[in-house]
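# Summary of structural features
This is what each chain is made of:
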Protein chains: 2
Amino acid sequence: MKDAKPYIQEHKQRFLNELIDLLKIPSISADSAYKGDVIKTAEVVKNSLKKAGCDHVEICETPGYPIVYGEKIIDTSLPTVLVYGHYDVQPPDPLDLWHNPPFDPVIKKTELHPEGAIFARGSCDDKGQMYMHVKALEYMTQTNQLPCNVKFMIEGEEEVGSESLGWFIERNREKLANDVILISDTGMIANDVPSITTGLRGLSYVEVEVTGPNRDLHSGLYGGAVANPINVLTKMIASLHDENNHITIPGFYDDVDELSSEERAKMAEAPFNKEAYKKALAIEDVYGEAGYTTNERNSIRPTLDVNGIWGGYIGEGAKTVIASQAFAKISMRLVPDQDWKKITQLFKEHFESIAPKGVTVKVKPHHGGQAYVTPITSTGYKAAEKAYESTFGKTPIPQRSGGSIPIVALFEKELKSKTILMGFGLDSDAIHSPNEHFGVWNYLKGIETIPQFYHHFTKMNK
Amino acid sequence: MKDAKPYIQEHKQRFLNELIDLLKIPSISADSAYKGDVIKTAEVVKNSLKKAGCDHVEICETPGYPIVYGEKIIDTSLPTVLVYGHYDVQPPDPLDLWHNPPFDPVIKKTELHPEGAIFARGSCDDKGQMYMHVKALEYMTQTNQLPCNVKFMIEGEEEVGSESLGWFIERNREKLANDVILISDTGMIANDVPSITTGLRGLSYVEVEVTGPNRDLHSGLYGGAVANPINVLTKMIASLHDENNHITIPGFYDDVDELSSEERAKMAEAPFNKEAYKKALAIEDVYGEAGYTTNERNSIRPTLDVNGIWGGYIGEGAKTVIASQAFAKISMRLVPDQDWKKITQLFKEHFESIAPKGVTVKVKPHHGGQAYVTPITSTGYKAAEKAYESTFGKTPIPQRSGGSIPIVALFEKELKSKTILMGFGLDSDAIHSPNEHFGVWNYLKGIETIPQFYHHFTKMNK
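- Looking at an unreviewed UniProt entry, one finds chain A named Peptidase dimerization domain protein, with Cochleicola gelatinilyticus as its source organism.

Given below as structure tokens:
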């Protein structure tokens, strides 16, 4: 396959403008106030697939937000690549920490992105990375180089648990039949250290509610005499980790796949600068489970983090009140072979069991997904390796990520094919944070590398 | 002194209407958005004092909200009663739990208030109880029965720590000179069990801030590897109580005045029905410091309660984020002889000392005040006792309250006089809570009892 660079350079500005237009739509799936924008985004994605060369595109309705499907079948005897991505984004708050409005994209140079980066919610996760595939298809069709069949499945509920995706896949196994699934929704180590994500953590996300007295109480008249739901909630959450930061939920670690010392040694070879890591986050020290390195703590070990907590008076000034209720959103990152439904149940049983008399506790499961590992011996991984070699000039490092793409395990179960995670973002791109951005160089490098994957994968399957 | 009942019955409707008008103004001192309403309320109070018979009234400016002063001096050789109250109110939230708008008063019958109760923020704390004194003055002046001199000092910052009051008193010792201070900002045991509050708890109110990474982080990529400020905050707060619910701050109990077993036995005589208490709050059990009864826990023992907590994503749905910061408002109720400034310092030092590496902790003192005890041997207490006997037909029970009126200790220090706490509200009146109310019977009973206090106090001082 020809080098895509010249075509990309010629159309660079248009590629950027099209992505910027997509980023201007606040497709926040977690907040129903943005429903109209989420649906509008699906329309824009559908049209972009049509323009890029799909023969057939459609908006597929689901119990939730629609899934955009597109395909170009050139020869049924050739292999088929299924591209998955999502057009929804995380909520942008806290808004006051953004240097520019999250849905008003700007390109600014940074230390890691000397050619500039696009700052906007969704620029990297996942609109930018998803759109690389649309532009890669455009390149292959415009230059008559598409070597195989391609299908697109772009959903709008990834940030809220992809609930409708399973429903959709079960009903469309035929339509979605493929030889490999290609996803760009992860990162790589650095622009000069290409890597391919071979592992993802699973997830269990729950919301807890602690109810004490039937009304807010005066903390003077009742303080000390009744259980304060906020004090109780802090005690309950604190008890979920022991002094070594091990999680105390009975049975939590039972199914954890412990890596061999060889595997851990191999992991340790990946470049990591602890001082730079601390400096980037402005923290005095790292913090986590005893006996594991930072890279292990955020990839091969399960975790429990409070993502949000609220209760009582949080306005200006002081209010001497004992709140009737306190709440928290808690998520657990899981590793092979923990089952997210089993863990969710273990959490629920344990958390309810530690509630003291005087309060009632409710645990509401939100969503979850299984962890996943891609074998580096698979054809798909080998093809991706060659693609990176041809565009980066070096062999990518296989890397376990701490993030979760719950549906990857689902794909293997339902569609019987392997997923290749070709991510071009950087951990420092602040996805899920204020000032999320995506390097212009990374965006274009992705568009350049993806066609090479098609080429090598097709060749290897001949 | 003549029985005030006939006058009160004749003017009952007007007494209620005047209070309702006062309650319609949202004088929330904690929220600067209501500044205009707070100041307007001061004006209304000033005019009501003039109408009630004060010879001289004025709005006294302070660094904060103004203090309304009024006086009627009939003979400098006679004793002088200084009435203190406050015209500001607590924030009404959570608003959705109010059955009627907090500043749109309605009168409804309740089980404990068969003659009806006025439902509105401030109805009991303290507009309603403060206004009893204004109407009692009206009665005494209209019927030419005022037996002594009277001064009023009504402030607008009680719910936020009375910061300007100390400033004002230091500069007006002459003007405020008195023989006894009379306050109705507490409760009584029941309408058929009159009681006089002889003790108040002190207060230390602080706000804490835990800062981890310099930005919100993706809980997948960083979860388990960096200190999560919310998890850390819950651990730190939980550690402030041990398994017996003793507070763990070093030195916290050093100055606590431990009651003798005789005193505790006397306290235990006050009627208390634990089952009714639990039923009223819809809790399965009470909760608190080991070794003490419910009535002791909320009156003679110091406490530590979280009044508000917040951090991370608290919106609809799920967001997998590690927040950069977490916050809490924490108040400690203190007892004789704990010094609130010392306790605040002890809290600050301890809380900062238990912060793990990887986060920084800030403790911001809000406000506070000393605990107070009124000797039941004082002339003021004896006069109040006789006043209750004449209107309730029974001797009031001396009672220690769990609440705080920080400035009572200040009065004794600066003005060298004792404070008598004649409260006519009930603990169940939901002050500081949604649906705060004040019994119509209690309101009128206060107006009836107060003149009797003036009568007996003057007689005893002859």
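## Some points on the relation of the copies chain A and chain B
- Of the transformation placing chain A onto chain B, the axial shift is 0.0 Å and the rotation is 180 degrees, giving an RMSD of 0.0 Å. Interpreted geometrically, this transformation is the action of a two-fold axis.
- Here 100% of the interface residues in chain A have copies in chain B that are interface residues too; the copies meet face to matching face.

## Considerations on the sheet that holds strand E14 (residues 325-334) of chain A
- Read across the open sheet, the eight strands follow the order E15(A)-E10(A)-E14(A)-E12(A)-E12(B)-E14(B)-E10(B)-E15(B); overall the sheet is antiparallel. Strands with a single pairing partner mark the edges of an open sheet, and in this sheet they are strand E15 (360-369) of chain A together with strand E15 (360-369) of chain B. Strand after strand, the sheet turns through a mean of 20 degrees between neighbouring axes, direction not considered.
- Two strands pair when backbone bridges link them, and strand E10 (residues 202-211) of chain B and E15 of chain B are joined in this way by nine bridges, in the antiparallel orientation.

## Let's talk about the interface of chain A and chain B
- Every contact between the two is made by 90 residues of chain A and, on the other side, 90 residues of chain B.
- Applying the counting rule to chain A against chain B returns zero salt bridges.
- Where chain A touches chain B, the interface holds 46 residue pairs in polar contact (both at pLDDT 80 or more).
- In the side of chain A that touches chain B, the residues fall into 35 nonpolar, 34 polar and 21 charged.
- Here strand E12 (residues 303-312) of chain A pairs with strand E12 (residues 303-312) of chain B via five bridges, running antiparallel. In the sheet register, Gly308 of chain A faces E12 of chain B, and the bridge partner there is Gly312 of chain B.

## Focus: the environment of Lys266 of chain A
- Of note, Lys266 of chain A is situated in helix H6 (residues 261-267).
- Each C-alpha atom of the pair Lys266 of chain A and Asp96 of chain A lies 41 Å from the other, and the pair is 170 residues apart in sequence.

## Some words on the UniProt feature "domain: Peptidase M20 dimerisation" (unreviewed entry) in chain A
- Those residues carrying the UniProt feature "domain: Peptidase M20 dimerisation" (unreviewed entry) are residues 199-358 of chain A in this numbering.
- Regarding residues 199-358 of chain A, the helix share stands at 27% and the strand share at 22%, and the terminal C-alpha atoms are separated by 43 Å.

## Quick look at the pattern of salt bridges
- Within the structure shown, the criterion is met by 44 salt bridges over all chains.
- The salt bridge involving Asp255 of chain A is made with Lys342 of chain A; its shortest N-O contact spans 2.9 Å. Linking Asp255 of chain A in the loop between helix H5 (229-238) and H6 with Lys342 of chain A in helix H9 (residues 340-353), this pair joins segments that are 87 residues apart in sequence.
- Residue classification places Asp255 of chain A among the partly exposed residues on the basis of a relative accessible area of 30%.
- Glu209 of chain B is the salt-bridge partner of Lys362 of chain B, the closest N and O atoms lying 3.6 Å from each other. Of this pair, Lys362 of chain B sits in strand E15 while Glu209 of chain B is found in strand E10, placing the two residues 153 residues apart along the sequence.
- Several salt bridges share partner residues, and in doing so they unite Asp3, Lys5, Lys445 and Glu448 of chain A into one network.

The rules behind these values
Residues numbered from 1 in each chain as written. Chains lettered and ligands numbered in written order. Predicted model: local features only at pLDDT ≥ 70, side-chain atom pairs only at ≥ 80, totals over all residues. Heavy atoms only, no water. Least-squares fit on C-alpha atoms with pLDDT ≥ 70 in both. Contact = heavy atoms within 4.5 Å. Pairing = 2+ DSSP bridges. Helix = DSSP H or I, 4+ residues; strand = E, 2+ residues; numbered from the N terminus. Axes fitted to C-alpha atoms, helices over the stretch in contact; angles between N-to-C directions. Salt bridge = Lys/Arg side-chain N within 4 Å of Asp/Glu carboxyl O. Polar contact = N/O pair within 3.5 Å; in protein donor to acceptor, adjacent residues only side chain to side chain. Nonpolar A, V, L, I, M, F, W, Y, C, P; charged D, E, K, R; others polar. UniProt positions renumbered as here; feature names shortened; annotations may be inferred. Buried < 20%, exposed > 50% of the residue type's maximum accessible area, 1.4 Å probe, protein only.

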